[in-house]
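Examining the three-dimensional arrangement
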Amino acid sequence: MKKQKEFINSQLNEEAMLKAIVEKSPNIIFVRQGSRIIYANNRSVEMLGYGKDEIYADDFDFMKMVHRDSHTIVLDNYQRHLNGKEVAPYELKLVTKSRKELTAIHSSKLIDLGEEKAILGIFTNITDHKRVEDALRESEQKYRNLVEKANDAIFLADNETGLIIDANQKAEEMLGIPLEEIIGMHQSNLHPAEELEKYKEIFRKHVENGEGRAHDLLVINSHGQSIPVDISSSTIEIGGEKVIQGIFRDVSERKQSEEELIKYHQRLEDRVQESTHELLEANKKLKSQIQVRKQAEKQLLAHQKQLSSLSSQLSLIEENEKRRIATELHDCIGQTLALSKIKLGILKKSVPAEEPREIIKEIQHLLEQTIRETRTLTFELSPPILYELGLSQAIKWLIDQFRDKHDLDMTLNDDGREKPFDNNTRFFLFQAVRELLVNIVKHANASRVKISLSEKKGKLNLVVEDNGIGFTGSPVNCEGYGLFNIRERMNHINGQFNIKSIPGKGTRVALEAQLMPSGNP
């Protein structure tokens, strides 16, 4: 009885130990019948993301966890097991629940489970190993491509013996010798025989230091021709063995260029000496021309200033003439028309007949229309309000004109302080505001305009803002904006002109002009 218990305990301990080994195995372990999984260890749950309740479900298909590229090999090997054939370990791809791909080595075996047979499958995850292998292979391929496509000859030589173990295509071209003949040569045989010891010593120092550089050396090709080269070397490891890599750069063209450069330099020095006198003479002429040009520029600036002044004076003359004509219209023609209207009214009352009264009425209507047009023409030529009531009232009148004519939301903010001007400055500022409003109507596509007048430290600050489309670039050069004249006029009266515009958000123009001291006419 005691021996039987010991046997049972032994069997139980062995079973527990095997279960612990399987459950703690770093590999994925499945037991399946067909596509149905009847056992999965803990590692399979961790790696593939499916819970055991999902894996053991009757409708769960093992092939769901196999990448479609591996379906054929898995099904073929399953059939081999059923046919009693051994299946060697093979590589396949698994797919986790989160659709992540894993690469694994699958080892499988047919086992008996009573009357039924099943497949024991062990999957060793080699994803990281595969990634490293692929990266290493790709790195080696990149290195080989880099070496083969290099413009310099590259040789690999054994550190101990100095024998060449590999070379690239450029090395074959440089030496005129096929690769199979280059391999096995001693590195010193690449160089002139009479300098053999010199090149052996260079090689020894490069090996000793692990790297090196040497310039103006020679390589002898298969035709006995000397090729000047620069050599840079470094020690690398290939297959666990240290070898020295030498990069030989053909500097024949550079050497030839250096020789040509020396010859050219000599010719250049000769030419410089010959040309020195010519340059000195040319320099004298150039200085004379510069002086003439400076004088011409000075005269041009003076003419520009005169033209600017003349332009402003012409504007003033034009304004004075307009004002004179407006005064004539108002004092002569306007008064005469008004008097004629009054006399016609008296005549109309004294005429008893209806027909003459109607004719007189028509004449009165025509006179009234003429008087209105004359008054409008008078204001358009030179609004009397500008000189009689000042700039602020003239701008209010201008706002009323534009508001009625163009249906704009226009406001004027005036700080109410006294702002004395001479007639010229008042005229220039009024003309500037009118020009800016015309520009807004023509180009800005604005619905709102605000004009501000304020006095600060003896100066007028006049700002015109709109909510139009704005513009980019230099404003005084924008075609159709006509701002150049405003800037020139403000310069003439020693004023300031600033403009800021943001596309889609509108434009702000600020004018600044000096006021007259209080008490001056």
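A short tour of the structure in this document, coming up. The structure displayed is predicted, hence computed values, not measured ones.

Let us look at the overall build of the chain. Per the secondary structure count, the chain includes 14 helices and 15 strands. Classification of the 521 residues of the chain by burial places 34% in the buried group. Expressed as a percentage of contacts within the chain between residues at least 6 apart in sequence, the contacts between residues at least 24 apart total 50%. Counting only carbon and sulfur atoms, one obtains 52% of the accessible surface of the chain, whose full area is about 33,700 Å².

All right, on to the sheet that holds strand S9 (residues 226-238) then. With respect to topology, 5 strands assemble into an open sheet ordered S7-S6-S10-S9-S8, the strand pairing being antiparallel. Each edge of the open sheet is held by one strand with a lone partner, namely strand S7 (164-167) and strand S8 (211-220). Going from strand to strand, the sheet's axes swing by 30° on average, the running direction of each strand aside. Judged from the 10 bridges that link them, S9 and strand S10 (residues 241-250) form a sheet pairing that is antiparallel. Bridge assignment links Ile238 to a residue of S10, and that residue is Glu241. On top of the sheet, helix H8 (residues 196-209) reaches strand S6 (153-158), S8, S9 and S10; it is set at about 155° to S8, its chief contact.

Following the criterion strictly, the structure yields 24 salt bridges and no others. The salt bridge partner of Lys170 is Glu173, with a shortest N-O separation of 3.7 Å. Here Lys170 and its partner Glu173 are both found in helix H6 (residues 169-175), 3 residues apart, which amounts to about one turn of the helix. Glu512 serves as the salt-bridge partner of Lys459, at 3.5 Å between the closest nitrogen and oxygen. Of the two residues, Lys459 is situated in strand S13 (residues 459-466) and Glu512 in strand S15 (residues 506-514); the sequence distance between them amounts to 53 residues. By relative accessible area, which is 32% here, Lys459 ends up partly exposed. Counted as one network, the salt bridges with shared partners bring together Asp216, Asp230, Arg254, Lys255 and Glu258.

What follows concerns the pairing of S13. Pairing analysis gives 8 bridges linking strand S12 (residues 448-456) to S13, with the strands arranged antiparallel. If you follow Val449 over to S13, its bridge partner there is Asp466. Between the end of S12 and the start of S13, which pair antiparallel, lie 2 residues, with Lys457 showing a positive phi angle near 55°. Sheet topology note: the S13/S15 ladder contains 8 bridges and is antiparallel. Directly across from Asp466, in S15, lies its bridge partner Thr507.

With that settled, the discussion passes to the environment of Ser232. Structurally, Ser232 is set in strand S9. Spatially, the C-alpha atom of Ser232 lies 6.9 Å from that of Phe248, the residues being 16 residues apart in sequence. Those residues in contact with Ser232, other than ones at most four positions away along the chain, are Gly212, Arg213, Gln245, Gly246 and Ile247.

Of the positions making up helix H14 (residues 483-492), those classed as buried are Leu483, Ile486, Arg489 and Met490. For H14, the angular spread of the buried residues around the axis is 120°, confining them to a single face. Positive phi appears at Asn494, one or two residues downstream of H14, with a value of about 60°.

Bringing the packing of aromatic side chains into the picture now. Tallied over the entire structure, the rule returns 5 aromatic pairs. For the ring pair Tyr50 and Phe60, a centre distance of 5.2 Å and an interplane angle of 70° mean the geometry is edge-to-face. With Tyr50 in the loop between helix H2 (42-48) and helix H3 (52-55) and Phe60 in the loop between H3 and helix H4 (71-82), this residue pair connects regions lying 10 residues apart in the sequence. The same class applies to Tyr50 as to Phe60, namely buried. Between the aromatic rings of Phe62 and Phe123, the centroid separation amounts to 6.2 Å while the plane-to-plane angle is 45°, which identifies the pairing as tilted.

With that settled, the discussion passes to empty space enclosed by the protein. Scanning the model with the defined rule gives 2 cavities of 30 Å³ or more in all. What lines the largest cavity is a set of 17 residues, and nearest its centre among them are Gln187, Phe203, Ile231, Gly246 and Phe248. Going through the elements one at a time, S6, H8, S9 and S10 are the ones with two or more residues in the lining of the largest cavity.

Packed helix pairs are characterised by how far apart their axes lie and by the angle those axes make with each other. Across the interface, helix H12 (residues 391-406) lies against helix H13 (residues 423-444) with an axial gap of 11 Å and an inter-helix angle of 20°. Relative to H13, the element H12 is oriented roughly parallel. The handedness of the crossing between H12 and H13 is right-handed. Between H12, through Leu391, Ala394, Ile395, Trp397, Leu398, Phe402 and His406, and H13, the contact on the second element is made entirely by Arg426, Leu429, Phe430, Val433, Arg434, Leu437, Val438 and Val441.

Examined against the element boundaries, Arg32 turns out to sit in strand S1 (residues 28-33). Buried charge Arg32 goes without a salt bridge, the closest partner of opposite sign being Asp61 at 7.4 Å. Within the structure, the side chain of Arg32 is placed 2.8 Å from the backbone oxygen of Gly34, a separation counted as a polar contact. With near-sequence residues (within four places) excluded, Arg32 lies in contact with Ile37, Ile38, Phe62, Val74, Tyr78, Ala118 and Ile119.

So, on to a nonpolar patch on the surface. Taken together, the side chains of Leu261, Tyr264, Leu268 and Val272 present a nonpolar region at the surface, about 380 Å² in accessible area. Its place among the elements puts Leu268 in helix H9 (residues 252-350). With a relative accessible area of 37%, Leu268 lands in the partly exposed category.

It is worth spelling out the nonpolar core at this point. Formed by 39 residues in total, the largest nonpolar core has its most connected members in Leu391, Leu437, Leu462 and Leu511. Broken down by secondary-structure element, the contributors of at least two residues to this core are helix H11 (384-388), H12, H13, S12, S13, H14 and S15. Ranked by residue count, the leading element in this core is H13, at 10 residues. The residues contacting Leu511, other than those within four sequence positions of it, are Leu429, Ala432, Leu460, Asn461, Leu462, Ile486, Met490, Gln496 and Phe497.

Here is what the cut-offs are and how they apply
- Residues numbered from 1 in each chain as written.
- Predicted model: local features only at pLDDT ≥ 70, side-chain atom pairs only at ≥ 80, totals over all residues.
- Heavy atoms only, no water.
- Helix = DSSP H or I, 4+ residues; strand = E, 2+ residues; numbered from the N terminus.
- Buried < 20%, exposed > 50% of the residue type's maximum accessible area, 1.4 Å probe, protein only.
- Contact = heavy atoms within 4.5 Å.
- Areas by Shrake-Rupley, 256 points an atom, 1.4 Å probe, with all protein chains shown as cover.
- Pairing = 2+ DSSP bridges.
- Axes fitted to C-alpha atoms, helices over the stretch in contact; angles between N-to-C directions.
- Salt bridge = Lys/Arg side-chain N within 4 Å of Asp/Glu carboxyl O.
- Arc of directions from axis to C-beta.
- Phe/Tyr/Trp six-rings, centres within 6.5 Å; stacked < 30°, edge-to-face > 60°.
- 1 Å grid on protein atoms, 1.4 Å probe; cavity = no way out; pocket = protein on both sides within 12 Å on 5 of 7 lines; lining within 4 Å.
- Points joined across faces, edges and corners; volume = space filled by probe spheres on them.
- Parallel < 35°, antiparallel > 145°, perpendicular 65-115°, else oblique.
- Left-handed = near helix turned anticlockwise from the far one by under 90°.
- Lys, Arg positive; Asp, Glu negative; His and termini not counted.
- Polar contact = N/O pair within 3.5 Å; in protein donor to acceptor, adjacent residues only side chain to side chain.
- Patch = residues over 30% accessible without salt bridge, like charges linked within 9 Å, V, L, I, M, F, W, Y side chains within 5 Å.
- Core = buried A, V, L, I, M, F, W, Y, C linked by side-chain atoms within 4.5 Å.

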